[in-house]
Structures are given as C-alpha cells and as structure tokens.
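Residue-level structural notes
So you can see what is in the structure, the chains are spelled out below.
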Amino acid sequence: MEDMLLYDRLQFAFTITFHYLFPQLTMGLSLLIVFFKFRFLRTKEDKFNQAARFWMKIFALNFAMGVVTGIPMEFQFGTNWAKFSELTGGIIGQTLAMEGMFSFFLESSFLGLFLFGEKLLGHKLHFLTGLLVFLGSWASGFLIIATHSWMQHPVGFEILANGKYVLTNFGALFSNVWLWPSYLHNQAASLVTASFVMAAVGAFYLLSKKQEEFGQLFVRTGVIFGLAASLLAAFPTGDMTAKNVVKYQPETFAAMEGIFETEKGGSEIILVGQPNMLEKKLDNKIAVPNVLSFLTYQKWDREIKGLNEFSPENHPTNVPGLYYAYHIMVGLGTIFIGLLSLAAVQLFRRKLYTTNILLWGLLFMLPFPYIANTTGWYTAELGRQPWLVHGLLRTAEGISPTVSSGNTLFTLLGFVGLYLLLGLLFLLLAGKIIYKGPQTAIK
Amino acid sequence: MELFWYIVLMTMLAVYVILDGYDFGAGIIHLFFAKEEKDKVLITKSIGPFWDANEVWLIAAGGVLFFAFPTLYASAFSGFYLPLIMILWLLIFRATGLELRGQLHNSLWENIWDKAFGLASLLLALFFGVALGNVVRGVNLGMVENGVSTQEAHYFFLPLWNSTLDPQSHQLGIIDWFTLLFGLISVLALTIHGAAWIIFKTNSSLNSRLKTVIFYANLGLVGLILLSLLLGFILNPLPFQNFCSRPLVWIFTAVMLTGSLGLFKIRSWKKDGMGFLFSSLFLAGGFAATVASIFPNLLPSTNTVNPSLTIYNVAAPEYGLKTGLSWFVVAVVLVALYLVIQYRVFRGKMDDVDYHGEH
Ligand code: HDD
Ligand code: HEM
Ligand code: HEM
C-alpha cells in the first residue's frame, strides 16, 4: 500500500513536471509570435514575418512535445487515481472535458492551418489562425487551472452519503477565489519563460556575431516583455496567490515561509535558513523582522501563525521541500526583475546590444524561468499535501485500488526512459533550429 | 440524461475511429507498401495537418467519459492499466515519428522515424481492436474468487495475458485468442481505411496498387468477421440475443454491410473519395453495431456476483449532466465549424501543400 502510493505519486509528479516544461513556452511564445505577425501586418517589414516563421518552427516542435506528454496526463487520473476520479469525476471531469472540447480542438485544428497554411491563407488569415492558436492555449491553461483550483479550494459541491462529490453550482467553479489569481500568475510566469528564451536566443546571436539584426530584435522583445511579465508575476499576481494561501491554507503558508513559532508583534521574513524537522525550527537563519507581516497584511505587527500551532497530521508532508521550492521561486523572481531592469536601462540608453556582460547574463538565464515555474508548481502541490482535495480527501485515499506497485513502477520506469529520450531529441532539434537561425528560413 | 451522454460518447468514439483510423491505416500502408521516398513523404503529407486534431477526439472522448461516467472511467482505466499506458507510449512514438522525421536530412534518422510511425500505427490498430474485444467479452468485476468479491464491485485488474490465451479461463487476460481476433479485424479494417484515404487525398504512384490491396484485405476482413461471429456465438450468446431483438442493431449492421460491399467495387469507382466513404460507413456501422448489441451495458461482468457496469450505474448525478449539456452544445458547434474550415482549406489532393514547420 505504501509503495503503491509512493510510485503513483512519483509517476504523476514526474510526468506532469515534464509536461509542463512545454506548455509554459507554448503559452508565452504564441503570444510573442502573434505579436511579430501583428507587427508585420502593420509595418510590412519582412523581418517581422521571418521572425514569426522562425519562432513557429520552435513552437511546432515544442507543441508536439506538449501534446505527446499531455495525453498521458489526461489518462492518469483514471489509471493511477481511480478512486479520486470515481469520487470527484462529476466535478473535475467537467472542467477537464471542457478543456478537451474548447481548447484542444481549437489549438490542434488551427495549429495545422497555422503551420501549413501561410501560402494558402494569405497574411491576414494566417495572423488570425495564429491568434486562435494563442487563444486555445490560454484557454487550456485556464481550464486546467480551474481544475487545479478546485482541488486546492473546493467549491460548489456536496458530499453524498456514499462519499461521492456532486456538483451543485457550476458557476462556482469559475468564480472560485483561488482560480483567477493563480491563473493570472501562471500566465505571467509562462510569458517570463518565453521572453527569456527569446532574449537568450537573441543574446546568443549577438555574442556569436551572426544574424545580428534578428539578435537585436529578439533581445529587445524578450527584455521588454520579460520585464513586464516578471513584474506582473511578483505583483499583483504573486502577492494575491500568497494571500489566498495564508487565508485558506494557513499551515501551508507557515511551512512555505519557514515560520515554526508564532511571533508576538509581527513575523520576520526569512531570507536564508534550513528547516530542522527534528527540533521543529529553522537553522542558520538570516531574517528581517516584521516584513512578512507587512507583506501579508500591510500591518507591521500582525501575527502570523507558526506551523507548530497546527496539528501534525495536517502539516504539509514535506516541509523542507515546500520551503525550498517557494524560496527558489521567489528568489529567482527577484533576480529576474533585477537583471531585466538593468537590461531595460541599457536598452533605453541604446547600449544593450554591446553590453556583453548583460548579454551573457541573459544567455545563461535560459534554464532559470523553467526552474522558477517548476518550483512554483511544487510549492502549490507540496503545499496541498497530505490532501488530494484540500481538507477533504487525503492523497492516500485516492489511488487505484487494484493496480499493484510492481505495475506502477514498471510504467514509471518506462515514462522516465521515454521522456529522457524525448528531452534529448528536443534539445538536439531545437538547438539545430536555433543554430541555423532565422535567415535560412526564407524560402 | 444518461442516454444522451451515452450517445454523445459513442458518437465521439466512432468519429475518433473514422478520423484517427485513417492515420493509423496510413501508417500501416507506409510501413508495408511505401518503398520510395516520394510516396513516403506523400503519405505523411496526406495526414500532416489532420492527425493532431484527430487525436483530440480521443482526448475529448476521454474527458466526456470522465465527467459523465466517472465510475466507468475509474474502473476501466485502472483495470486495463497496462495496455492503456502502452497505448500512450505508442501514441508518443506515432507522433514523434511524424513530427521529427523531417527535422534532419539523414537516411538513418528518417528510417528510424518511419519505422516508429509505421509500427506504432500498426500496434495501435491492434490494441484498439483488442480493447473492443475485451468490452464485448467482459471482465471479472470485483475480482471474484470462489464466489467472493476481493475488491469493490466495480474494480478489477487484468494482466496482459494468461498462459493459455483462453477467453473462458478462470483468470482472464487482456489478450486472448478471442480479443486478438478483434485486434486483427481492426488492423485489416484500418489498413483498408488508410489506403482509401491515401487514394482520396493524393496522386501517389501507389494508388492503383492500393486498390488491389483494399480488395484483398476486404476479402480477408469479411472472412475474419464471419469467424468472430461464429466464435462469439459459442462464447457469449448475449450480444446475439440482443441482435435478434433490436432493430437499431440491424440498421447499423446494414450500414456496415453497405460499406463492405461498396469496397469490393473499389476498382470501378470513378471518384477517388468513394472508397473512403464506404470504409467510413463500414467502420461506423461495425462500431455502432458492436456497442449497441451490448447496450445498456458498458462493461459486462463475467461473474454472477457483481452486476455489469451499465450506463445507469456508472453515471454522474443529474445536475452535473444537465449543466454539461449547456456548454457541450456550444462546444460541438464550434468543433464542427473548425472541422469544416480545416477540411475546406485542405480540400482536394495534398501533393503540393508545403509545411513550414519542417526542414
Ligand atoms: C517564472 C515563474 C514564477 C515567478 C518569477 C514567480 N512565480 Fe509564483 N508560481 C509560479 C511561477 C512563478 C507558477 C509555476 O506558475 C505557480 C504554480 C501554481 C500557479 O498557479 O503558479 C506559482 C505559484 C505560486 C504560489 C503558490 C500558490 C498555491 O499554493 O497554489 C505562490 C504563493 C506564489 N507563486 C507567489 C509568488 C511570489 C510572491 C512571487 C514573487 C516574486 C512569485 N510567485 C514569482
Ligand atoms: C504543471 C504544473 C504541475 C506540476 C509541476 C505539478 C506537480 C505535482 C507534484 C510534484 C505532485 C506530487 C506531489 C506529491 O505527491 O507530493 C503532484 C501531484 C498531483 N497533482 Fe499536480 N502539478 C501540476 C499541475 C496539476 C494540475 C493542473 C492538476 C489538476 C488538474 C494536478 C493534479 C495533481 C494530482 C491529482 C496529483 C496526485 C495526488 C498528489 O500527490 O497530490 N496537478 N503534482
Ligand atoms: C494534470 C494536468 C494536465 C492534464 C490532464 C493535461 C492534459 C493535456 C493534454 C491531453 C494535452 C494535449 C492536447 C492536444 O492534443 O492538443 C495538453 C497540452 C497542453 N497543456 Fe496540458 N495538461 C495538464 C497540465 C497542464 C498545465 C498545468 C497547463 C498550463 C497551465 C497545461 C497547458 C497545456 C497547453 C497550453 C497545452 C497545448 C500543447 C502545448 O502547449 O504543448 N497543461 N495537456
């Protein structure tokens, strides 16, 4: 039983983490491609169209990876979390079915037109197909986060005597207080990823002195969009999500922030420290007094409950993991804002394209938005533990009763092998497209 | 409401079989008959802009199953755990085979992805047929041993096979000779369907040969179906009792027969689309007749302790099903619109369409 739960969780965590590496770029990049296509329609400058074509190639590859890794996600609710699906399917099945009907059809029908149809359609219609792909991917993010928000903060339902959850208010799924902050935060974060990828590719061209016209365009676009998105990710959206956590999952918030004891007269914000779960305290800490209380409640002396006040069976199951995940996300977010602000200043002074140190910075930042996004999701998911549906259904109660651990381990290993292969191929091919550059894309 | 969602679900699955079916078929033809580079490229072009949207019918049907019949979703997906995960892996290979092949120009690379695409398509056709066979045969719900359920009444788990491959054995497996027969039927039917699609959408040099392939495959198909009817009758008379008493099943069977007969005349049809039309009729009619013959069962029980899963004992409560209706109607109209646009833009032969995602 223990093993069954462990492998089910590992498999879900592994496959979703891998899946999400791709949609975050899809959602952000589709916006940027539509932007290029739009600029092309307005200015009729061919370089924008070439830029759009170039990014469409990466987009197509990335999208294919997102699709093949997304399908296993949809099936895994039934294969590995059968009890959870049986009990809550009438509710989370709604939003998942809507995702299939509203967004996947939209995306996949128009993606074909977008990729194959430039000549057939003409530029205006081609722009429109791009716009529809963008809408589809954002709708997809919305509906999946609606599903996820219900698990974090269940609304609009009743529990029957046989333990089943039934929907009583459809609209509540979409007016869920958890949903909108999460969604906007997540979308800002995915635009951060796309912007950094674009800026890094641009920086690569400038530093290696090839395709310089495009290098400049990509760096410029990446920095401007990236700065806007990073700021939005921190404020107001990050702030709003954090406030939801403190209000509805106070024990999670305490663990995220590393607060073990309630402090009289206001809580400090932890900058550095390691959770010590044996003595239930934080080792080696560096902290600034009262700031956390202010950030959370805009009052310097407001009390925040420490983790030790909650009963242990409701503590998040992996407090150190949660704490680090959260601090990595927020730390990286701060670094992004810092770096992009410097870059924006240099851009404004027309010196960015020759400030090599900043270009190197942008280039090496490439993996970090992915890390920030992943750790962000780990914050959300580890914070929800030990619950599958927060406060109501424990994770251990949700697994498939008849699938033995040997079978799950087998499929987990299969996914690991297959995805490592996919990951390598993706890097190889994306690397090739980038190395060739936009200029050779002209037909 | 249950009945409505049952019809929706089965229609979506039938559409999936017809649409993604031609992709699988094209893969099988690609594997066995396409030897020259230009034919291979043409075959992949003929499905290039479509396969992804076609696959969405499976995902969306999965979503509808999840929300309208959660208990069946939970029971079947965990019970058929291994083959489902393998289907997922095969779908991954199929997609990567199609999408990655054109990315590098190297004969070894192209070869590998051709094989991945072809083999995955073949195995997918086989697995989906086997799956249908399992539904017709039924499973040991509640995992009853010596008259006692060892699990909740609607849960079960099947290994891939048992050592005897006997569909009446005490310990069932997913693959036995009865379900394997369904698998073979599915492979042949989809080969025909894919060949008909290629004839319809391309001017490939293979086309006249493919007509011969269709003719003989159709002959084999009819033989296998007769065999399966005979064996099915011996094993499990239930669908056959229903067959006699249900006019709807007769109609579906008639549709299937029309398709089948039409395909025998493949060499004399003037329009290239006719073959595809008839193979679609055959698939839709065959699928509908099969599921209608076990209605209202969705998954029959092979023991007498636990009842079969029917559309009534696995459905979600009324409120959810009703609200689902309101968004579903909107969505279906949109999906139909996308389909029309997609097939209008890419109407006719696909030989000259070019694809910016490649090179
Ligand atoms: C580039 C990525 C990125 C960046 C820079 C940030 N976040 Fe974030 N964060 C995410 C990417 C992300 C995410 C991956 O998108 C999550 C996971 C779930 C979600 O909706 O967004 C998330 C979740 C998430 C949660 C958890 C919500 C829950 O438990 O459900 C909180 C409290 C914050 N964020 C707060 C912040 C704050 C205060 C930031 C200030 C800098 C911040 N995030 C920057
Ligand atoms: C893309 C971002 C996501 C990431 C990186 C992510 C990550 C994770 C991780 C790490 C776990 C394992 C937690 C643990 O067992 O300790 C998990 C579990 C789970 N997540 Fe998510 N998740 C994401 C999105 C979602 C969404 C959108 C849903 C719902 C629709 C969801 C539903 C689940 C479920 C059902 C489990 C299994 C039960 C559990 O262990 O809590 N996840 N996820
Ligand atoms: C457990 C949760 C998840 C499930 C069941 C799931 C399911 C899927 C499926 C089936 C696809 C393929 C669609 C197609 O064929 O066109 C897909 C792709 C996609 N998913 Fe997920 N997904 C999950 C998590 C997420 C999350 C957390 C996000 C974003 C917030 C997301 C956003 C997308 C997007 C934008 C696509 C389009 C393809 C791509 O971007 O690569 N998904 N997902």
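These notes cover the structure that comes with them. Only a predicted model underlies this, so the values are computations on that prediction, with no experimental measurement involved. (Residues numbered from 1 in each chain as written. Chains lettered and ligands numbered in written order. Predicted model: local features only at pLDDT ≥ 70, side-chain atom pairs only at ≥ 80, totals over all residues. Heavy atoms only, no water.)

Section: the overall build of chain B
- Assigned secondary structure in chain B consists of 12 helices and 4 strands.
- Computed over its C-alpha atoms, the radius of gyration of chain B comes to 21 Å, within 12% of the 21 Å expected for a compact globule of 359 residues.
- Seen along its three principal axes, the alpha-carbon backbone of chain B occupies a region of about 60 × 45 × 40 Å.
- Counting the 359 residues in chain B, one finds 60% classified as buried.
- When the accessible area of chain B is evaluated, it comes to approximately 14,100 Å², of which 71% is carbon and sulfur surface.
- If you average the places of the 20 positive and of the 21 negative side-chain charges in chain B, the two averages end up 12 Å apart. (Helix = DSSP H or I, 4+ residues; strand = E, 2+ residues; numbered from the N terminus. Rg over C-alpha atoms; globule rule 2.2 N^0.38 Å. Buried < 20%, exposed > 50% of the residue type's maximum accessible area, 1.4 Å probe, protein only. Areas by Shrake-Rupley, 256 points an atom, 1.4 Å probe, with all protein chains shown as cover. Lys, Arg positive; Asp, Glu negative; His and termini not counted. Charge placed at Lys NZ, Arg CZ, Asp CG, Glu CD.)

Let's talk about the interface of chain A and chain B
- Tallying the contact residues gives 73 residues for chain A and 71 residues for chain B.
- For the chain A and chain B pair, buried surface summed over both sides reaches about 6,600 Å², with 76% attributable to carbon and sulfur atoms.
- The three residues of chain A that bury the most area against chain B are F75, M101 and F116 of chain A, which together make up 12% of that side's buried surface.
- Scanning the region where chain A abuts chain B turns up 1 salt bridge.
- Applying the counting criterion to the chain A and chain B interface returns 14 residue pairs in polar contact (both at pLDDT 80 or more).
- Of all the secondary structure elements, the ones that give two or more residues to the side of chain A that touches chain B are α2 (46-80), α3 (82-116), α4 (118-152), β2 (165-167) and α13 (405-436) of chain A.
- Tallying contributions element by element places α3 of chain A first for the side of chain A that touches chain B, with 26 residues.
- Of the residues that constitute the side of chain A that touches chain B, the class distribution is 41 nonpolar, 21 polar and 11 charged. (Contact = heavy atoms within 4.5 Å. Buried area = accessible area lost by both parts, 1.4 Å probe. Salt bridge = Lys/Arg side-chain N within 4 Å of Asp/Glu carboxyl O. Polar contact = N/O pair within 3.5 Å; in protein donor to acceptor, adjacent residues only side chain to side chain. Nonpolar A, V, L, I, M, F, W, Y, C, P; charged D, E, K, R; others polar.)

Remarks on the site of ligand 1
Residues and elements named next belong to chain A.
- Residues in close proximity to ligand 1 total 20 residues, the closest being H185, N186, M329, N373 and W377.
- Contact distances for ligand 1 include 3.3 Å between an oxygen atom and a backbone N or O atom of S182.
- For ligand 1, a nitrogen atom lies 2.8 Å from a polar atom in the side chain of H185. (Near = heavy atom within 4 Å.)

Observations concerning the environment of T241 of chain A
Residues and elements named next belong to chain A.
- Locating T241 in the fold gives a position in helix α7 (residues 212-248).
- For T241, a relative accessible area of 15% gives the class buried.
- A C-alpha to C-alpha distance of 12 Å links T241 and Q152, two positions 89 residues apart in sequence.
- If sequence neighbours within four positions are ignored, T241 has contacts with P181, S182 and H185.

Describing the site of ligand 3
- Around ligand 3, the surrounding shell holds 28 residues, and the nearest of these are H19, T26, G66, E107 and N186 of chain A.
- The environment of ligand 3 is shared, with nearby residues belonging to chains A and B.
- Between ligand 3 and T26 of chain A, the relevant distance is 2.8 Å, taken from an oxygen atom to a side-chain nitrogen or oxygen of the residue.
- The dominant element in the shell around ligand 3, judged by the number of residues it contributes, is α2 of chain A, at 9 residues.

Digging into the coordination of the iron atom of ligand 3
- Of all protein atoms, H19 of chain A (NE2) alone acts as a donor to the iron atom of ligand 3, lying 2.2 Å away.
- Its location among the elements puts H19 of chain A in helix α1 (residues 2-43). (Donors = N, O, S within 2.8 Å, 3.2 Å for Na, K, Ca; no water.)

What to know about the coordination of the iron atom of ligand 2
- In this structure the iron atom of ligand 2 is ligated by exactly one protein donor, E381 of chain A (OE), at 2.2 Å.
- Within the secondary structure layout, E381 of chain A lies in helix α12 (residues 368-384).

Brief notes about the nonpolar core
- Core analysis: the biggest nonpolar cluster contains 228 residues, and W55 and F218 of chain A together with F69 of chain B have the highest contact counts within it.
- Leaving out residues up to four positions away in the same chain, F69 of chain B has contacts with E2, W5, Y6, L9, V64, I311, V314 and A315 of chain B. (Core = buried A, V, L, I, M, F, W, Y, C linked by side-chain atoms within 4.5 Å.)

Concerning unusual backbone geometry
Residues and elements named next belong to chain A.
- With an omega of 5 degrees, the peptide bond between F235 and P236 qualifies as cis.
- For P236, the location among the structural elements is in helix α7.
- The amide bond that connects Q385 to the next residue, P386, takes the cis arrangement and shows omega of 0 degrees.
- Following the sequence through the fold, P386 ends up in the loop between α12 and β5 (387-389).
- Look at K44: it is not a glycine, yet its phi comes out positive at around 60 degrees.
- As for its placement among the helices and strands, K44 is situated in the loop between α1 and α2.
- Unusually for a residue other than glycine, K209 sits at a positive phi of about 55 degrees.
- Residue placement: K209 occurs in the loop between α6 (179-207) and α7.
- Here K209 falls in the exposed class, since its relative accessible area comes to 61%.

Considering the pattern of salt bridges
- Evaluated as defined, the whole model comprises 15 salt bridges over all chains.
- Taking the shortest distance from any N to any O, the salt bridge between K164 of chain A and E86 of chain A comes out at 3.8 Å. Highlighted residues: K164 of chain A in the loop between β1 (157-159) and β2 and E86 of chain A in helix α3, separated in sequence by 78 residues.
- Overall, K164 of chain A belongs to the partly exposed group, its relative accessible area being 22%.
- A salt bridge links D176 of chain B to R137 of chain B; the shortest N-O distance between them is 2.6 Å. Of this pair, D176 of chain B sits in the loop between β2 (148-149) and α7 (177-201) while R137 of chain B sits in helix α6 (residues 107-137); the two residues are 39 residues apart in sequence, bridging distant segments of the chain. Here the two residues D176 of chain B and R137 of chain B agree in accessibility, since each one is buried.
- When salt bridges with common partners are traced through the structure, they connect K83, E86 and K164 of chain A together with E152 of chain B into a single cluster.

Describing the pairing of strand β4 (residues 281-288) of chain A
Residues and elements named next belong to chain A.
- Here strand β3 (residues 269-276) pairs with β4 via 6 bridges, running antiparallel. For P275, the partnering residue across the bridge sits in β4 and is L282.
- Following β3, the chain reverses through 4 residues before pairing antiparallel with β4; K280 in that reversal takes a positive phi of roughly 55 degrees. (Pairing = 2+ DSSP bridges.)

Focus: empty space enclosed by the protein
- Within this structure, the stated rule accounts for 4 cavities of 30 Å³ or more.
- Considering only enclosed or pocket space, the largest cavity measures out at about 130 Å³ in volume.
- Contributing to the lining of the largest cavity are 15 residues, with L111 and L115 of chain A together with W51, D52 and E99 of chain B lying nearest its centre.
- Elements supplying a minimum of two residues to the lining of the largest cavity: α2 and α3 of chain A together with α3 (51-68) of chain B.
- The leading source of residues in the lining of the largest cavity is α3 of chain A, at 5 residues.
- In terms of residue class, the lining of the largest cavity is made up of 10 nonpolar, 3 polar and 2 charged. (1 Å grid on protein atoms, 1.4 Å probe; cavity = no way out; pocket = protein on both sides within 12 Å on 5 of 7 lines; lining within 4 Å. Points joined across faces, edges and corners; volume = space filled by probe spheres on them.)

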